[in-house]
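# Secondary and tertiary structure notes
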Amino acid sequence: MVFNSFQFLAFFIIVYVLYLCLNHRHQNRMLLVASYVFYGSWDWRFLSLLFVSTVLDYVCALLIDHEERPKRRKLYLLISICGNLGMLGFFKYFNFFTDGMVALLGFFGLEVHPLSLNVLLPIGISFYTFQTMSYTIDVYRRRMPAEKNFLDVALFVSYFPQLVAGPIERAQSLLPQVLSERRVTLEKVWHGGALIFWGLFQKIYVADNLAKIVDPVFASADRAGASCYLAGFAFMIQLYCDFAGYSNIAKGLGKMMGFEIMTNFYLPYFTCNVRDFWKRWHISLTSWVRDYVYEPLIASGRTPLRKAMAALVTMTLVGLWHGAAWHFVAFGLYSGIGLVVYAMLRPVLAAMRSVFPGRSVVIYKVVMGLLYFQFLMFGFLLFRAQGTEGAFAMVEGILFRFSWGLAQSEMLLGILLFAGPLLLIEAWQGLTKDLDVLAKAGIWIRIPVYTLLTLLMLLYGVTDEKAFIYFQF
Amino acid sequence: MFIVTVALLVAVQFGFARSTGIWTYLYRNSSPKLDDGLRFAAVANAIDKKGRKVLVLGASQARENVDVYQLDRAFKDEKLRFYNLGISHGQTADFFMTRQLVLDAKPDYIVFVGDLNIFSSPYMMDKLRLYFQPEIVPRWIEGLGWRAVWELRKPILNAFVGYLSPAYRFRESLGRIVQEEIAIRLLGKKREAFRRFAYSADKKNDDIYEDLDEQMQNEKLEEVATPAEIAMNEAMFDEVVGDFCRAGIPMVAIDAPYFEHAKTSYFRDVYVAYDAFMRRLAAKYGFPYYSEAEMPHFSREDFFDHTHLNRDGRRKFTAFVQEVVAKQFFSDRVPLAP
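Residues numbered from 1 in each chain as written. Chains lettered and ligands numbered in written order. Predicted model: local features only at pLDDT ≥ 70, side-chain atom pairs only at ≥ 80, totals over all residues. Heavy atoms only, no water.

A word on the overall build of chain B. A count of helical and extended segments in chain B gives 18 helices and five strands. What you see for chain B is a C-alpha radius of gyration of 20 Å, in line with the 20 Å of a compact globule of 338 residues. Counting only C-alpha atoms and orienting by the principal axes, one finds that chain B spans roughly 65 × 50 × 45 Å. When burial is assessed residue by residue, chain B has 53% of its 338 residues classed as buried. Of the contacts formed within chain B by residues at least 6 apart in sequence, a portion of 80% connects residues at least 24 apart. Working note: accessible area of chain B is about 16200 Å², and carbon and sulfur atoms make up 55% of it. Mean positive and mean negative side-chain charge positions of chain B (46 and 47 charges, respectively) differ by 8 Å. (Helix = DSSP H or I, 4+ residues; strand = E, 2+ residues; numbered from the N terminus. Rg over C-alpha atoms; globule rule 2.2 N^0.38 Å. Buried < 20%, exposed > 50% of the residue type's maximum accessible area, 1.4 Å probe, protein only. Contact = heavy atoms within 4.5 Å. Areas by Shrake-Rupley, 256 points an atom, 1.4 Å probe, with all protein chains shown as cover. Lys, Arg positive; Asp, Glu negative; His and termini not counted. Charge placed at Lys NZ, Arg CZ, Asp CG, Glu CD.)

Structure (structure tokens):
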């Protein structure tokens, strides 16, 4: 049941009407049932995994909370982490690791017959396992008490707007909202609706239409340089809008029910350096790995070398989180190297920036932004190309076979037609530093803008219920 | 604000839909192969409600094989205008959904160029949105049952949105035309010449039977509707023709020519049933029905594929339609030579 489907619309209308009619306790129970129905609509067999993950962390958190002995507390935490990562590892990485092991053993002359299983990837497992782990880790760190009510914990884990593709909510943020009464005001309903509208626009108008431009280029054996470059550029916007669209819809659905779900993207392409980018892109994941992987790695000493190694490890894990394939690992490593190099060059960049006093710093930002954009695009070529060979072939095309013709002009026109409205509105958001600037604008701006965006969706919105890209992760 | 936005959306769309200039532009920049629904709507919009007119209805054979400009010239003295409302892959449900549009146009005569598959092929849902009227839903429920219609809920819902929004109804065509126009204006791309017909070239391939055999292998030709659907289609078509007759509109039905013996070799059973039904209907409502036996002979050189005529064949078939119209509706008029 994807968000951009009639089926989900009918589902949400029923859930929302019930939600408005029930008291807090019954709202939670109804939402829990609805969330399991929602998840079960993808594949009912994986409901058991969701349940097992919930039970595991509910029990471990209670045990941790009631235990004073540090070793025991650590043991329960380890059980939770190993249990969740074990499930994730089996369903997502089993074949990847066995193939890697076979290749490694083969390198040493040992012939091993690989055990390959056709393991289905349960949708959302990368998201909800991280979400539940954050709960037990925060209880272990004594940042919050364990919750005794199993059903409320189950709702925290399975809350349907953010279950299958995030944002990965922290227990400290979402669980209190589950436990306390939520107010639904007209303003929240309006604001939630505006977020859903914007998310749908990002998905069905921008992302799904750019996919039609991007996919043939990546599938083609003929890697004309300019087409590859444009496809890379278009893919960056496609991926962003696909994922940010989902996150905005999730946030909007939550808002309509009185929940505050975190912002997952904050204008990531309006940055001029890699560090800033990763603070704005998939914020729920990057902040998770920062708090639970990076910070513990540098806890025993914040030396530049240690920080650099931690950054490489963390970003490689981020890459691996996306999928069990070497090009995802390469993407993560590439991003990690970018962070390390940026850290090393910061003094030089600061000196360069000081050359542009006052308002002229905009020139520096624009130039650096454009340069960083190229760096980022090559990283996303790794991400999309379904293999390092494909990515390198495209890079080779861009560097050595760059020719521009009518086909490329039409491609650029298509990209601008679909990405243009988004870029204009995001530029407005960037200038005002307010993601909600459109929803808050005067009525004589909102009416024509929403009318135009709706017309564009009516004309060009892709209605064949294409799944969101991040479902595959 | 929500209500104002919706009202503005409706106003903008329906305002555009009432503009003759916009329909003319869309028609002249549309593709006969890709924009059939849009062209149908553009022609419907262009019908002069006051003048004398003949509406040519039917499937793609009506659209491709009848040249209304040739007929306009032939009947200039009678001040008769011909409008082609042929529908690509036109089926009974399409004629049912568009019958009120035909009645509202108040034609003086109707020429129906039928295809043998209009009753017996399962409805092609991908064109539902282009011609959708909600009244088809209860007919489908009655004829096919709730479960069958429930299976079709997505395209029906999709079509309903198109019914409410002209922009959505013709979105593929409008989107493509807008993009093309932008490319022409900004990139200097050459505007494609206007084409009235999809098939004007001599032949799709050298051997039409080879083409038919390939389609048979792909099972494209073998799909036949269930007996319940066929019965429903026949009843709907009976109702459509009945409505025309009750409105006092004289009608003539002409069978679409097929390549050589393609009808009897590939579509024998379907054709026999279709022909028998049309004859019964013609007898019931008193309209003339011209089967292929009563038509001039169309040779290999007249066909583009097994059922659509090329430029030469179209000229010949249109001349036959001209004779039929003259004979049926202007019996004192001497038929013109083809």
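Still more ground to cover, so stick around.
So, on to the confidence of the model for chain B. The predicted coordinates should not be examined in detail at positions where pLDDT is low. Residues and elements named next belong to chain B. Looking at chain B as a whole, its pLDDT mean stands at 88, while 93% of the residues score no less than 70. Scored below 50 in pLDDT, residues 334-338 makes five contacts in the model with residues more than four places away or belonging to other chains. Here the prediction assigns the complex a pTM of 0.86, and the interface score ipTM is 0.80. (pLDDT = per-residue confidence, 0-100.)

Residue and element names in this part refer to chain B. Along strand 4 (residues 251-255), five of the five residues are buried, which leaves the element largely enclosed by surrounding structure. Where strand 3 (residues 109-114) meets strand 4, five bridges bridge the pair, whose relative direction is parallel. If you follow Ile 110 over to strand 4, its bridge partner there is Met 251. Of the strand pairs in this sheet, strand 4 and strand 5 (residues 289-290) are connected by two bridges, and their pairing is parallel. Across the sheet, Ala 253 pairs through a bridge with Tyr 289, a residue of strand 5. (Pairing = 2+ DSSP bridges.)

Before going further, it helps to spend a moment on the pairing of strand 3 of chain B. Residues and elements named next belong to chain B. Judged by how many residues are buried, strand 3 sits mostly within the fold: six of six residues are covered. Here strand 3 shows a buried face lined by Tyr 109, Val 111 and Val 113 and a second buried face lined by Ile 110, Phe 112 and Gly 114. Summarising the sheet, strand 1 (residues 52-58) and strand 3 pair through five bridges and their orientation is parallel. When the sheet's bridge partners are listed, Val 56 is paired in strand 3 with Val 111.

In this section: the interface of chain B and chain A. Counting from both sides, the interface comprises 25 residues of chain B and, opposite them, 24 residues of chain A. Taking both sides of the interface into account, the surface hidden between chain B and chain A amounts to around 2100 Å²; carbon and sulfur atoms contribute 75%. For the chain B face of the interface with chain A, the top three residues by lost area are Met 1, Arg 171 and Leu 187 of chain B, together amounting to 29%. Inspection of the region where chain B meets chain A yields one salt bridge. Residue Lys 189 of chain B is joined to Glu 410 of chain A by a salt bridge in which the shortest nitrogen-to-oxygen separation is 2.8 Å. The tally of links between chain B and chain A comes to five residue pairs in polar contact (both at pLDDT 80 or more). (Buried area = accessible area lost by both parts, 1.4 Å probe. Salt bridge = Lys/Arg side-chain N within 4 Å of Asp/Glu carboxyl O. Polar contact = N/O pair within 3.5 Å; in protein donor to acceptor, adjacent residues only side chain to side chain.)

Here we come to the packing of aromatic side chains. All names here are of chain A. Overall, the coordinates contain 78 aromatic pairs over all chains when judged by the stated rule. Look at Phe 201 and Tyr 205: their rings are 4.8 Å apart centre to centre, the planes differ by 20 degrees, and that puts the pair in the stacked class. Taken as a pair, Phe 201 and Tyr 205 lie in helix 8 (residues 186-219) at a separation of four residues, close to a single helical turn. Tyr 205 shares its class with Phe 201; the two are buried. (Phe/Tyr/Trp six-rings, centres within 6.5 Å; stacked < 30°, edge-to-face > 60°.)

What follows deals with a positive patch on the surface. There is a patch of like positive charges on the surface, built from Arg 275, Lys 279, Lys 307 and Arg 346 of chain A. With respect to the secondary-structure elements, Arg 275 of chain A resides in helix 10 (residues 274-280). (Patch = residues over 30% accessible without salt bridge, like charges linked within 9 Å, V, L, I, M, F, W, Y side chains within 5 Å.)

Judged by side-chain charge, Asp 207, Glu 210, Asp 213 and Glu 214 of chain B come together as a negatively charged surface patch. Looking at the secondary structure, you find Glu 210 of chain B in helix 14 (residues 208-217).

All names here are of chain A. At a minimum axis distance of 10 Å, the contact between helix 5 (residues 125-140) and helix 7 (residues 171-179) shows a crossing angle of 95 degrees. Considering their axes alone, helix 5 and helix 7 lie roughly perpendicular with respect to each other. For the pair formed by helix 5 and helix 7, the contact residues are Gln 131, Ser 134, Tyr 135 and Asp 138 on the first element and Ala 171, Gln 172, Leu 174 and Leu 175 on the second. Split by residue class, the contact of helix 5 with helix 7 holds four nonpolar, three polar and one charged. (Axes fitted to C-alpha atoms, helices over the stretch in contact; angles between N-to-C directions. Parallel < 35°, antiparallel > 145°, perpendicular 65-115°, else oblique. Nonpolar A, V, L, I, M, F, W, Y, C, P; charged D, E, K, R; others polar.)

A separate point is the side chain of Ser 284 of chain A. Tracing the backbone shows Ser 284 of chain A in helix 11 (residues 283-298). The contact partners of Ser 284 of chain A, leaving out residues within four places of it in the chain, are Pro 167, Ile 168, Met 262 and Asn 264 of chain A.

Residues and elements named next belong to chain B. Strand order in this open sheet of five strands is 2-1-3-4-5, and the pairing throughout is parallel. The open sheet has two edge strands with one neighbour each: strand 2 (80-86) and strand 5. Pairing of strand 1 with strand 2, which is carried by seven bridges, proceeds in the parallel orientation. Bridge pairing links Arg 52 to Leu 80 in strand 2.

Burial of nonpolar side chains together is a common tendency in soluble globular proteins. If you look at the biggest cluster of nonpolar residues, it comprises 158 residues, and the most contacted ones within it are Leu 31, Tyr 135 and Phe 380 of chain A. Tallying contributions element by element places helix 9 (residues 225-256) of chain A first for this core, with 18 residues. Formed by 85 residues, the second largest nonpolar core is a distinct cluster that contains Val 43, Val 149, Phe 267 and Phe 303 of chain B. (Core = buried A, V, L, I, M, F, W, Y, C linked by side-chain atoms within 4.5 Å.)

On to the pattern of salt bridges. On inspection of all chains with the given rule, the structure shows 34 salt bridges over all chains. As a salt-bridge pair, Lys 255 of chain A and Glu 260 of chain A come within 3.0 Å of each other at their nearest N and O atoms. Here Glu 180 of chain B makes a salt bridge to Lys 189 of chain B, at a shortest N to O gap of 2.8 Å. You can call Glu 180 of chain B partly exposed: its relative accessible area is 23%. Residues joined in a network through salt bridges with shared partners are Arg 99, Glu 135, Arg 139, Glu 239, Asp 243 and Arg 246 of chain B.

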